[in-house]
Amino acid sequence: MTCVTQEREGPVEAPWHPGAMATPSDRTPLAELVEELLATDGPLPIVAAGEPVLRRATEPFDGQLDAPLLARFVEALRITMHAAPGVGLAAPQVGVPLRIAVIEDPAPVPDEVRVARGRAPQPFRVLVNPSYEPVGTARAAFFEGCLSVPGWQAVVARHAEVRLTGEDEQGRPVDEVFTGWPARIVQHETDHLDGMLYLDRAELRSLSSNQAMSERWTQPTPETAAASLGFELP
Ligand code: ZN
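Bear in mind the structure is a predicted one, so any value in this text is a computation, not a measurement. (Residues numbered from 1 in each chain as written. Predicted model: local features only at pLDDT ≥ 70, side-chain atom pairs only at ≥ 80, totals over all residues. Heavy atoms only, no water.)

Engineer: Tell me about the overall build of the protein chain, and name the residues and values.
Structural biologist: Counting secondary structure elements, the protein chain contains 6 helices and 8 strands. Reading the secondary structure of the protein chain in the N-to-C direction produces α-α-β-β-α-β-β-β-β-β-α-β-α-α. Within the protein chain, buried positions represent 42% of all 234 residues. By sequence separation, contacts in the protein chain at least 24 residues apart represent 70% of the contacts at least 6 residues apart. When the accessible surface of the protein chain is split by element, carbon and sulfur atoms take 53% of a total near 11700 Å². (Helix = DSSP H or I, 4+ residues; strand = E, 2+ residues; numbered from the N terminus. Buried < 20%, exposed > 50% of the residue type's maximum accessible area, 1.4 Å probe, protein only. Contact = heavy atoms within 4.5 Å. Areas by Shrake-Rupley, 256 points an atom, 1.4 Å probe, with all protein chains shown as cover.)

Engineer: Report on the coordination of the zinc ion, specifying residues and quantitative values.
Structural biologist: Within the protein, Cys146 (SG), His188 (NE2) and His192 (NE2) serve as the donor atoms for the zinc ion, at 2.0 to 2.2 Å. Within one chain, the residues serving as donors to the zinc ion are arranged as C-x41-H-x3-H. In this pair, histidine 188 and histidine 192 both sit in helix H4 (residues 180-192), 4 residues apart, roughly one turn of the helix. For the pair formed by histidine 188 and histidine 192, the shared burial category is buried. (Donors = N, O, S within 2.8 Å, 3.2 Å for Na, K, Ca; no water.)

Engineer: Account for the sheet that holds strand S4 (residues 139-145), with residues named and values stated.
Structural biologist: Pairing is antiparallel in the open sheet, where 3 strands are placed in the order S4-S5-S8. Since the sheet does not close on itself, it has two edges, and those belong to S4 and strand S8 (202-209), each with one partner. When strand polarity is set aside, the average angle formed by the axes of neighbouring strands in this sheet is 30°. Contacting S4 and strand S5 (152-159), H4 crosses the sheet at an angle of about 65° to S4. (Pairing = 2+ DSSP bridges. Axes fitted to C-alpha atoms, helices over the stretch in contact; angles between N-to-C directions.)

Engineer: How would you explain the packing of helix H1 (residues 29-37) against helix H2 (residues 67-83) if you had to name every residue and give the values?
Structural biologist: Closest axis-to-axis distance for the H1/H2 pair is 11 Å, and the angle between their directions is 45°. Judged by the inter-axis angle, H1 sits oblique to H2. In this structure, the crossing between H1 and H2 has a hand that is left-handed. Touching Ala31, Val34 and Glu35 of H1 are Leu69, Arg72 and Phe73, all from H2. Considering only residue class, the contact of H1 with H2 consists of 4 nonpolar, no polar and 2 charged. (Parallel < 35°, antiparallel > 145°, perpendicular 65-115°, else oblique. Left-handed = near helix turned anticlockwise from the far one by under 90°. Nonpolar A, V, L, I, M, F, W, Y, C, P; charged D, E, K, R; others polar.)

Engineer: How would you summarise the sheet that holds strand S1 (residues 88-90) if you had to cite specific residues and measurements?
Structural biologist: Spatially, S1-S2-S3-S6-S7 is the arrangement adopted by the 5 strands of the open sheet, whose pairing is antiparallel. Only two strands of the sheet have a single partner each, and these edge strands are S1 and strand S7 (173-179). When strand polarity is set aside, the average angle formed by the axes of neighbouring strands in this sheet is 40°. Judged from the 7 bridges that link them, strand S6 (residues 161-167) and S7 form a sheet pairing that is antiparallel. Within the sheet, the bridge partner assigned to glutamate 161 lies in S7 and is threonine 179. The strands touched by H2 within the sheet are S1, strand S2 (100-105) and strand S3 (122-134), with S2 carrying the most contacts at an inclination of about 45°. Strands in contact with H4 are S1, S2, S3, S6 and S7; relative to S3, the strand with the most contacts, it is inclined by about 70°.

Engineer: Now, about the layout of surface pockets: what can you tell me, with residues and values included?
Structural biologist: Quantified by volume, the largest pocket comes out at close to 970 Å³. Around the largest pocket, the lining is made up of 40 residues, and of these Val87, Arg119, Glu144, Gly145 and Gln153 lie nearest the centre. Only S2, helix H3 (111-117), S4, S5, H4 and helix H5 (210-216) provide two or more residues apiece to the lining of the largest pocket. Per element, the largest residue contribution to the lining of the largest pocket is 5 residues, and it comes from H4. A class-by-class count of the residues in the lining of the largest pocket yields 20 nonpolar, 13 polar and 7 charged. (1 Å grid on protein atoms, 1.4 Å probe; cavity = no way out; pocket = protein on both sides within 12 Å on 5 of 7 lines; lining within 4 Å. Points joined across faces, edges and corners; volume = space filled by probe spheres on them.)

Note that all results are geometric; they support no functional claim without further evidence.
Listed below in structure tokens is the structure:
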């Protein structure tokens, strides 16, 4: 690993070392920001659409946080995701422009919904420097929401299956295919790390308040909503 006080340019070529320790004097601005956030216990404040941090590209993780600080940050993301509650949370959603996200979905839904949406339970995991690419051409369209766009949901047609590459929180390489709802979650969270919100990809005519969702659009699939609101499904 190169000297952490030097400015890095270009693509990251060497894997980061989770064991590397930064001394206080070469602590990065991102480490300072995370330390500040973690000064208060409990869930972190989630920033809402309109905050520029949600629209900027993130820095690839390259050891900007030393191993203990990374572990504390990941734990805070986990607590914040659970408290919200949500099935995923990306670092920019707590104001940190780093390429890190967490996901976890206990999938507490009826069987009918689980089958229609492929909503298999997804254990907790940390995505470090994730990227995805489609596997095949199939698309799946369902309502989804975002903790940074509270109160609303919309239908997004996404790749039904994606290959996710990146690392885990220990710096171990990840190369894995996701299908069903977990594929949707990893696309949503990885998009956050590229400054993208789900609304950028949504059928805007499907935009529904949480109240409309619970009163009208609880069906396992969005066909009825598409017919009533006038939007296309793939
Ligand atoms: Zn989101």
